[in-house]
Amino acid sequence: MQYMTVLRSVALFLLAALAEIGGAWLVWQGVREHRGLVFAGAGVVALGAYGFVATLQSDANFGRILAAYGGVFVAGSLAWGMLVDGFRPDRWDLIGAALCLAGVGVIMYAPRGA
């Protein structure tokens with residue numbers, strides 16, 4: 001797999017994570033933290049953007065993309081919690097996230113025969 005293809009894929013995964021995790025956080029803020037419909041509505045728009053961004057991956061297999069993105073979501077959610085909500089992951093959270101990201105690498109970037 002070409003270097004630029006991998007970089008593009010990683011960038012799309014990061015953008016998708018920002019849209020989905022950010023969108024879910026906005027809905028959470030709107031509903032659970034009583035910040036209103038503007039927050040919740042912005043979250044719904046961001047979640048829709050996530051769905052669109054996922055389609056931009058070069059791999060044509062929906063299941064593969066979504067499975068790999070699941071690992072990005074796990075690690076990204078912990079990172080979001082740390083940066084935005086002051087969450088302090090323990091070593092098991094970090095080990096689990098690392099395992100998920102290793103899985104992403106295998107699913108997306110392992111050499112495949114034709």
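Just so it is clear, the structure is predicted and the values come from calculations on it, not from any experiment.

**Student:** Explain the packing of helix α3 (residues 62–85) against helix α4 (residues 91–109) to me, using residue names and the numbers behind them.
**Tutor:** Where α3 contacts α4, the two axes come as close as 8 Å, and the packing angle between them is 155°. Judged by the inter-axis angle, α3 sits roughly antiparallel to α4. Classified by chirality, the crossing of α4 by α3 is left-handed. Residues Arg 64, Ile 65, Ala 67, Ala 68, Gly 71, Val 72, Val 74, Ala 75 and Leu 78 of α3 touch α4, and the partners they reach there are Asp 93, Ala 97, Cys 100, Leu 101, Val 104, Ile 107 and Met 108.

**Student:** Can you explain the pattern of salt bridges? Please cite residues and give values.
**Tutor:** Here the structure, examined in full by the defined rule, presents one salt bridge. In this structure, Arg 64 and Asp 59 form a salt bridge, with 2.9 Å as the shortest nitrogen-oxygen distance. Overall, the relative accessible area of 23% leaves Arg 64 in the partly exposed class. A relative accessible area of 21% means that Asp 59 is categorised as partly exposed.

**Student:** How would you explain α3 if you had to name every residue and give the values?
**Tutor:** Here α3 has its buried residues at Ile 65, Ala 68, Tyr 69, Gly 71, Val 72, Ala 75, Leu 78 and Gly 81. In the core, the buried residues of α3 are packed alongside α1 (3–31), α2 (37–54) and α4. Just beyond α3, the residue with positive phi is Gly 86, at close to 75°.

The rules behind each value
Sequence positions are assigned chain by chain, starting from 1 and proceeding in written order. Only residues with pLDDT of 70 or above have their local features reported here, since the model is predicted, and side-chain atom pairs are shown and tallied only from 80 upward, although totals for entire chains, interfaces and linings are computed over all residues. Side-chain measures here rest on the full set of heavy atoms in the structure, leaving out hydrogens and waters. Under this scheme, a helix contributes an axis fitted over its contacting stretch, all axes are lines through C-alpha atoms, and angles between N-to-C directions fall in the 0 to 180 degree range. In this text, helices come from DSSP runs of H or I with a minimum length of four residues, and strands from runs of E with a minimum of two, each type numbered from the N-terminal end. Angle categories are assigned with fixed cut-offs, so that under 35 degrees is roughly parallel, over 145 is roughly antiparallel, 65 to 115 is roughly perpendicular, and the rest are oblique. Here a crossing is called left-handed whenever its near helix is offset anticlockwise from the far helix by less than a right angle, and right-handed whenever the offset is clockwise. The criterion used for residue contact is that any of the two residues' heavy atoms lie within 4.5 Å. Any carboxyl oxygen of Asp or Glu within 4 Å of a side-chain nitrogen of Lys or Arg constitutes a salt bridge here. Using a 1.4 Å probe on the protein chains alone, a residue whose accessible area is under 20% of its type maximum counts as buried, one over 50% counts as exposed, and one in between counts as partly exposed.

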